[in-house]
Amino acid sequence: MSALPASENLLGLYRQMYTIRAFEEQVMELLSGGEIAGSTHLCIGQEAIPVGACAALEPEDAVVGTYRGHGWAIARGVPLAELFAELMGRASALCGGRGGSAYLMAPDYGFLGENSIVGAGVPMALGAALARKVQGTAGVGVVSIGDGAMNQGVVHESLNMAAVLGVPLVVVVENNGYVEMTPSAALTAVPAHRRAAAYGIESLLVDGNNADAVRDAVTHARAVALGSTRPFLVEAETHRLAGHYSGDLQAYRPPGELDAARQREPVVLLAAAVDDVAAVDAVRADVQKGLAVALATARAVSVPGAEDVRERLYAGVTR
Ligand SMILES: Cc1ncc(C[n+]2csc(CCOP(=O)(O)OP(=O)(O)O)c2C)c(N)n1
Ligand SMILES: [Mg+2]
């Protein structure tokens, strides 16, 4: 737990959550204005999970996200200007514009990266955790996956392997109610936190719209993972307030569903918990100012030229 007084503590969490929200709202504008190409998966409505989880982590921990990973990158402290530049395909210091929204990585910030293969982050974080155990170095492997990813074979294989090998792996399942356009309940018979027992590991179910609760859960998970070198699973219940991807018209949603979910939306809930309108307004103004500076900085970053096309390639045939 943080030593800060409760209100200051919550205001710090609020700053990060509002930063993620404002960043992604700006990303939507950049998409419609053509400054970001391709489709993008937003975490609007799920901000409390990366913010709460990363508040429980240390710099030596290795985090792996999904294609819905902007929030995790921001919560790990990746600079907004670099993120904007990366998403805009510029020659950013992160991946030189090659990663974009769904494949960016920032290992200097303890963020091993995202990828679009559902469930694939689990063996990656397992590897990071196993490396720490074998090398006797500090830290845990942490992976964020969706509820749908729990039905992937590789997740089952990795959870079994992590339990058998006894590695400090923390799996955070973001149960956001949907697997692409299909309601989660139509695909999953047994929720993630109840499946943990089948691997002989502990788990917690937590309110994923409450950053403070997520922080407590992941603090506990990390301590158990480190103390017993056993994996731990945290299932965080939330709701995706945006489409599955940026072009998703969401015609599949039942009437009233979004309005109901917005009653429990995490950024507004946390502002209410802070209970200091002036302080919240000041944070929002400051975040918006920082965001504008970051975007201007990103726009000034050059676009990679054709002469760089062979750089940052890690696979291929050389003869
Ligand atoms: C191995 C694999 N199978 C299918 C897909 C297509 N796909 C992309 S996102 C997605 C849904 C994943 O849902 P969930 O794990 O709940 O994550 P969410 O998108 O809700 O964050 C699917 C099936 C994929 N990218 N990779
Ligand atoms: Mg989901």
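Residues numbered from 1 in each chain as written. Chains lettered and ligands numbered in written order. Predicted model: local features only at pLDDT ≥ 70, side-chain atom pairs only at ≥ 80, totals over all residues. Heavy atoms only, no water.

Novice: So what's going on with the packing of aromatic side chains? Which residues, and what values?
Specialist: This model, assessed by the stated rule, comprises three aromatic pairs. Pairing Y178 with Y252 gives two aromatic rings, centres 5.4 Å apart and planes at 65 degrees, and the pair type is edge-to-face. Of this pair, Y178 sits in strand β5 (residues 178–179) while Y252 sits in the loop between β8 (232–237) and α10 (257–262), placing them 74 residues apart in sequence. What makes Y252 partly exposed here is its relative accessible area of 25%. (Phe/Tyr/Trp six-rings, centres within 6.5 Å; stacked < 30°, edge-to-face > 60°. Helix = DSSP H or I, 4+ residues; strand = E, 2+ residues; numbered from the N terminus. Buried < 20%, exposed > 50% of the residue type's maximum accessible area, 1.4 Å probe, protein only.)

Novice: So what about the site of ligand 1? Which residues, and what values?
Specialist: Close contacts around ligand 1 come from 15 residues, with Y67, R68, S116, G148 and N176 the closest. One of the side-chain N or O atoms of R68 is found 2.8 Å from an oxygen atom in ligand 1. Taking A149, its main chain carries an N or O atom lying 2.9 Å from an oxygen atom of ligand 1. In isolation ligand 1 exposes 580 Å². Once the protein is present, 74% of that is buried. Of the residues belonging to the shell around ligand 1, the class tally is six nonpolar, six polar and three charged. (Near = heavy atom within 4 Å. Polar contact = N/O pair within 3.5 Å; in protein donor to acceptor, adjacent residues only side chain to side chain. Areas by Shrake-Rupley, 256 points an atom, 1.4 Å probe, with all protein chains shown as cover. Nonpolar A, V, L, I, M, F, W, Y, C, P; charged D, E, K, R; others polar.)

Novice: Report on helix α9 (residues 211–228), specifying residues and quantitative values.
Specialist: The end-to-end C-alpha separation of α9 is 25 Å, in line with the 26 Å expected for 18 residues at 1.5 Å each. Within the span of α9, buried status applies to A211, V214, R215, A217, V218, A221, R222, V224 and A225. Regarding α9, its N-cap is N210, as a side-chain oxygen of that residue lies 3.1 Å from the backbone nitrogen of D212 further along. Of the residues trailing α9, T229 is marked for its positive phi of about 40 degrees. (Expected span 1.5 Å × (residues − 1).)

Novice: How would you summarise the side chain of S158 if you had to cite specific residues and measurements?
Specialist: Relative to the elements of secondary structure, S158 occurs in helix α7 (residues 153–165). Residues within four places of S158 in sequence aside, it is in contact with V122, P123 and L126. (Contact = heavy atoms within 4.5 Å.)

Novice: Outline the coordination of the magnesium ion (ligand 2), supporting the account with residue identities and numerical values.
Specialist: Protein-derived coordination of the magnesium ion (ligand 2) comes from D147 (OD), N176 (OD1) and Y178 (O), at a distance range of 2.1 to 2.3 Å. Every donor residue of the magnesium ion (ligand 2) comes from the same chain, spaced as D-x28-N-x1-Y. One end of the pair, D147, is in the loop between β3 (141–146) and α7; the other, N176, is in the loop between β4 (169–175) and β5, with 29 residues separating them in the sequence. Considered together, D147 and N176 belong to a single accessibility category, that of buried residues. (Donors = N, O, S within 2.8 Å, 3.2 Å for Na, K, Ca; no water.)

Novice: Go over the packing of helix α2 (residues 48–55) against α9 with me, naming the residues and quoting the values.
Specialist: In the contact formed by α2 and α9, the axes pass within 7 Å of each other and the chain directions differ by 45 degrees. As judged from the angle between their axes, α2 and α9 are oblique. As for how α2 packs across α9, the hand of that crossing is right-handed. Here A48, I49, G52, A53 and A55 of α2 come into contact with α9, specifically with A211, V214, R215 and V218. The residue inventory of the contact of α2 with α9, partitioned by class, reads seven nonpolar, one polar and one charged. (Axes fitted to C-alpha atoms, helices over the stretch in contact; angles between N-to-C directions. Parallel < 35°, antiparallel > 145°, perpendicular 65-115°, else oblique. Left-handed = near helix turned anticlockwise from the far one by under 90°.)

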